[in-house]
Amino acid sequence: MFVTVLVIAAQYATSHSGGMTGQTNKSGDGQGCTCHCANSNSNTTVTISTNATSFEAGQTYSFTISVSNGNEVKGGCDIAVQSGTLAAGADGLQLSGTQLTHTSPKTLPATWSFTYTAPSTAGTDTIFAAGNAVNNDGGNGGGNCTDQWNFASKFVINVTAPQRTLVLSRNSIAFGSRRVGGSYTDTMRISSTGNATVAISSQSMKTANPITNSVTGSANLSAGSSETQTITFAPTSRGSFTDTLVVASDANNNNLASPTRQTVTVTGTGVQAIFNGANTVNFGSVRVGATKSLTYSIANTGDDTLFLTAPSITGSNAGAFSITSQPTLTIPPGGNTSVGIQFAPLTKQQLTATLSLTASNGVSVPTITLGGTGTAPIVTILSMTDLGTGRVGGTRNGSIQISNGGDADLNISSITISNQAQGSKFSFTGSTAAVITPNNSTVFQMQYSPTSERTDSAIITINSDDITAPSFKATVIGEGGLPKMAPLQTDTIKFGDVRVGANAQNFSLQIKNNGTYDLVVNSIDVTPSQFTVVGKPSTVAPKGAGQVTLKFAPTAAGKVVGTIIVHGDDVNNPVDTVYVSGNGTISNFDIPSGISFGDQKLNTSKDTLIKLRNLGTAPVKILQYGLTDPSNGFQLFSDTAAVRQINPHDSATIKLRFNAFKEQSFSGTLSITTDEGSSSIRQIQLTGRGVNSKLTIGVSSLDFGTVDSATTLVKSFSITNTGTAPATINALTLTGSTEFAVDSPKTAFTIAAGGSTTVLVQFAPVSAGIADGTLTISSAEGSSPQVLLHGIGKGKVDTTQSGSVRVVAPQVGFVRVVPNPATTAATLSMGLVAPLSDVKISFYDAAARLVASQSVGSLDEGVQQIPLTLPAISGVSFVRITSSGMLVGTVEIVITR
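Residues numbered from 1 in each chain as written. Predicted model: local features only at pLDDT ≥ 70, side-chain atom pairs only at ≥ 80, totals over all residues. Heavy atoms only, no water.

Describing the overall build of the protein
If you tally the helices and strands in the protein, you get 2 helices and 73 strands. Projected onto its principal axes, the C-alpha positions of the protein cover 180 × 150 × 45 Å. When the 897 residues of the protein are sorted by exposure, 40% land in the buried category. Relative to all contacts within the protein whose residues are 6 or more apart in sequence, the contacts with residues 24 or more apart total 69%. If you sum the accessible surface of the protein, you get close to 42200 Å²; carbon and sulfur atoms cover 50% of it. Here the protein contributes 50 positive and 50 negative side-chain charges, whose respective centroids are spaced 8 Å apart. (Helix = DSSP H or I, 4+ residues; strand = E, 2+ residues; numbered from the N terminus. Buried < 20%, exposed > 50% of the residue type's maximum accessible area, 1.4 Å probe, protein only. Contact = heavy atoms within 4.5 Å. Areas by Shrake-Rupley, 256 points an atom, 1.4 Å probe, with all protein chains shown as cover. Lys, Arg positive; Asp, Glu negative; His and termini not counted. Charge placed at Lys NZ, Arg CZ, Asp CG, Glu CD.)

Quick notes on the pairing of strand 7 (residues 99-102)
The side-chain alternation of strand 7 yields two buried faces, one formed by Gln-99 and Thr-101 and the other by Leu-100 and His-102. Inspection of the sheet shows strand 4 (residues 74-81) paired to strand 7 by 2 bridges, in the antiparallel sense. The residue of strand 7 that forms the bridge with Ile-79 is Leu-100. Alignment of strand 6 (residues 93-96) against strand 7, held across 4 bridges, turns out to be antiparallel. Bridging across to strand 7, Leu-93 finds its partner in His-102. The loop that links strand 6 with its antiparallel partner strand 7 comprises 2 residues; one of these, Gly-97, has a positive phi angle of about 70°. (Pairing = 2+ DSSP bridges.)

A short note on the sheet that holds strand 43 (residues 519-527)
Strand order across the open sheet formed by 5 strands is 41-48-47-43-45, with mixed pairing between neighbours. Where the open sheet ends on each side, the last strands, each with one partner, are strand 41 (492-499) and strand 45 (539-540). Relative to strand 48 (residues 575-585), strand 47 (residues 558-568) runs antiparallel, the two being bridged by 10 bridges. The partner of Val-560 across the bridge, within strand 48, is Gly-582.

Things to note about the pattern of salt bridges
In the structure shown here, the tally under the stated rule is 15 salt bridges. The salt bridge partner of Arg-164 is Asp-250, with a shortest N-O separation of 3.5 Å. Of this pair, Arg-164 sits in the loop between strand 12 (155-160) and strand 13 (166-168) while Asp-250 sits in the loop between strand 20 (239-249) and strand 21 (263-271); the two residues are 86 residues apart in sequence, bridging distant segments of the chain. Looking at Asp-250, the relative accessible area reads 32%, which means it is partly exposed. With its nearest N and O atoms 2.7 Å apart, the salt bridge here joins Asp-569 to Arg-391. Separated by 178 residues along the polypeptide, Asp-569 in the loop between strand 47 and strand 48 and Arg-391 in strand 33 (residues 386-391) bring together distant segments of the chain. (Salt bridge = Lys/Arg side-chain N within 4 Å of Asp/Glu carboxyl O.)

Describing the packing of aromatic side chains
Each aromatic ring pair is described using two quantities: the centre-to-centre distance and the angle formed by the ring planes. Using the criterion set out here, one finds 25 aromatic pairs in the structure. Seen in terms of ring centroids, Phe-283 and Phe-343 are 5.6 Å apart; in terms of plane orientation they differ by 40°. Their pairing is tilted. Here the residue Phe-283 occupies a position in strand 23 (residues 280-287), and Phe-343 occupies one in strand 29 (residues 336-343), the gap between them amounting to 60 residues. Per residue, the accessibility class of Phe-283 equals that of Phe-343, and both read buried. Judged by centre distance (4.9 Å) and plane angle (20°), the rings of Phe-531 and Phe-552 are stacked. Here Phe-531 is found in strand 44 (residues 531-534), whereas its partner Phe-552 is found in strand 46 (residues 545-552), with 21 residues between them in sequence. According to the relative accessible area criterion, Phe-531 is buried, its value standing at 3%. Taken together, the aromatic side chains of Phe-55, Tyr-61, Phe-63, Phe-114, Tyr-116 and Phe-155 make up a single cluster linked through ring pairs. In this structure, Lys-715 packs its charged tip against the face of Phe-704, placed 5.9 Å from the ring centre. (Phe/Tyr/Trp six-rings, centres within 6.5 Å; stacked < 30°, edge-to-face > 60°. Lys NZ or Arg CZ within 6 Å of the ring centre and 35° of its normal.)

Quick notes on the environment of Asn-573
When you line up the elements, Asn-573 lands in the loop between strand 47 and strand 48. Accessibility expressed as a relative area gives 21% for Asn-573, which makes it partly exposed. Sequence separation between Asn-573 and Lys-484 is 89 residues, and the spatial gap between their C-alpha atoms is 7.3 Å. Residues within four places of Asn-573 in sequence aside, it is in contact with Met-485, Ala-486 and Pro-487. A polar atom in the side chain of Asn-573 sits 3.0 Å from the backbone oxygen of Met-485. (Polar contact = N/O pair within 3.5 Å; in protein donor to acceptor, adjacent residues only side chain to side chain.)

Some remarks on the confidence of the model for the protein
Averaged over all residues, the pLDDT of the protein equals 86, while 92% of them reach at least 70. Across the protein, element-level confidence peaks in strand 9 (residues 110-117) with a mean pLDDT of 97 and bottoms out in helix 1 (residues 2-15) with 32. (pLDDT = per-residue confidence, 0-100.)

Here's the deal with the sheet that holds strand 44
The strand order across the open sheet built from 3 strands is 42-46-44, with neighbouring strands paired in antiparallel fashion. Two strands in the sheet have a free side with no partner beyond their single neighbour: strand 42 (505-512) and strand 44. Each neighbouring strand pair of the sheet contributes to a mean axis angle of 30°, computed without reference to strand direction. Pairing of strand 44 with strand 46, which is carried by 4 bridges, proceeds in the antiparallel orientation. Looking at the pairing, Val-534 lines up with Thr-549 of strand 46. (Axes fitted to C-alpha atoms, helices over the stretch in contact; angles between N-to-C directions.)

Describing the environment of Asp-407
Along the polypeptide, Asp-407 turns up in the loop between strand 34 (396-404) and strand 35 (410-418). Here the alpha-carbon distance between Asp-407 and Asn-252, two residues 155 residues apart in the chain, equals 86 Å. Polar side-chain contacts of Asp-407 include one of 2.6 Å to the backbone nitrogen of Ala-376.

What about the pairing of strand 61 (residues 727-736)?
Taken together, the 3 bridges between strand 61 and strand 63 (residues 749-751) define a ladder with antiparallel strand orientation. Its bridge partner being in strand 63, Thr-728 is matched across the sheet by Thr-750. The pairing of strand 61 with strand 65 (residues 769-779) spans 7 bridges and is antiparallel. Within the sheet, the bridge partner assigned to Ala-731 lies in strand 65 and is Ser-778.

Written out as structure tokens, the structure is:
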């Protein structure tokens, strides 16, 4: 057992030479280096030390740990912390998990360095440590606890929050009003009044325009120190400015609870004088040689004093302008002054110069343009002075329009006429003195009195104050002339055939003037009234021609002869005559007043030809066909395009179709427009009706009930035509049992609109059993209604019947007429299986029409003999027996007479 313990102790001394953790007296650790000895030993001293006197949250501090024992050779350690973090130094410690331990035993006395980082929040923290001293024999003295360990005293750390306090010496800076363009500064102090260095991350203005700041200190401000902050206000424009200096740091008081301690509001107002004056001074129009004075006003609308320099006038036309009074050069805010300027143009043109003014303190002064126009009048003749042609011996009036093309009033003193003897033929009427304003004109009236057929001229002189042409000369021309009416180009005009009531026939006639003066056409006489003149010229110019339109509009058929007489002022040929003739013709357009298509089967059409005749002596032109058709039932064919004129005593046809697409009445109007004047629109009334048949079957089925074999039962139903057209029944076709047959009608038949027809169907069973069939009614219109047939045959009742037995009803054993074929007298024999009441016998002809009837009353069961009163008919007929209105039997008989 002793040997075993020695072996274990040797293993412990050897296996932890590279360090071991979890052996401090921190809660949760093992209680010391018990692998060396169970108890601590005060011979081993373990000390934790540091130079730090206070500890701030989140900060890192340097520590040492020392192990000593005068009896041992080597030593090791284990270090733990409660809340902070540990880091090894560079002298033999290592981090294992969260604890520090030696990398290898160290010769005693031994010292190791490490760092401690405090928690991020204030509070109490503790560093724990254990140290071991060994004799380095690898066996712990044979297990006698020669290796000695001990705990260090717990190093309790009071972690405090750092007091980083930043104080700004001012919370606002006001620069007041400062002139734009200057630069103005002010200062303030930033102090660290806490117990820790304050790290300043930024110091800047929010906008930095036009207020800026400059920093003279460092980014870190140690406790108790301060630095100077310089604020600069450099306004570049007028107005109030506000900005904020924001100091961002890690100071404890840099929070939203006390924002004014960390911001400084900076205000300032930029002030500046404002030169307020017009950019131009316009003198307008000033007559050359005259002067005009104006005042240029200047106002200071800013908030600083305006300092001006003395004005001057510059530019290529500066000599036309001059300063007559100087302005005040110092103008307070809201004040004003003025400059007197005079304009004296020497030439007729637009003149400009510049009024030069400058101001100090950076005040902008606009370029001031001086402008004015030197004006003068100008004589201009707007209209031609050629007075044209005047009649010899008469007086021709004319005018001269004189305009002032300048820009000053034109004063005309007189207008004179000269040029040998011709000048006497021209004269002015009224005064020739006038004043004409710029861009206006005045008309002076003249007269020309020619004495012969020749050209005359004269010189007129306009005397005015036009400085360039005070005596303006122009030539006036006139010509004397006489009219000469040339003979008309034809003596006879033939209009030919013209229809009465149509547009008049036209003929163009020229009236020529071969003279040198206007020919006056006084009048044109026309006879008779069928001839007229349109567009008579009042005058015909020399060497010209006037157009006259002659019209012929006959009022009746036949030839018309007349004259056209032209009267002019040609003294040598005052009258000329033209003979006219024409022939009046008439047209007589004849059409039917109406066309009726009558009844037309539904969805069919009908065509008809309409004859158009001209019974007159003049052609008739068809201008337009128009179809008014509200129901769209009529159609006018396109061949009407070819029928556009019908010559005298001729005719033409057009085609019209009626489409009966709907069962209704149709009406419309065909309008034909011709060139016949007052009766140009003729109308044809159109009518037609779309009709259709509609079949109604009285029953959908016939049930014959039970019928004895070898007997015949006849039943009837009606077919009614409720339509508007006759209905044709092509066939009555039976399918199914052959014991059914159609009794009548046997052939195709027609039912008039609103009429009806009775159909007789017989059932003649030949044996017992059920019989079914179908009767199909085939109509010409395509419909095929059906009637279902049903009956039951039973055993034969009476095989001894004589005569012709055709129908047996359930209540009747047998029915016959004796003799048969019937004569004038006959007896009806019936075998009744039950009594009958209200028995009635009716006679029908072959067309199923009621002819006569007789009442019998009540009949008992058994064989009954009933005398018949035969009607006055002959041939095949039917005898029907009814009881209380119900059919009990039918017999087909032949009456011979």
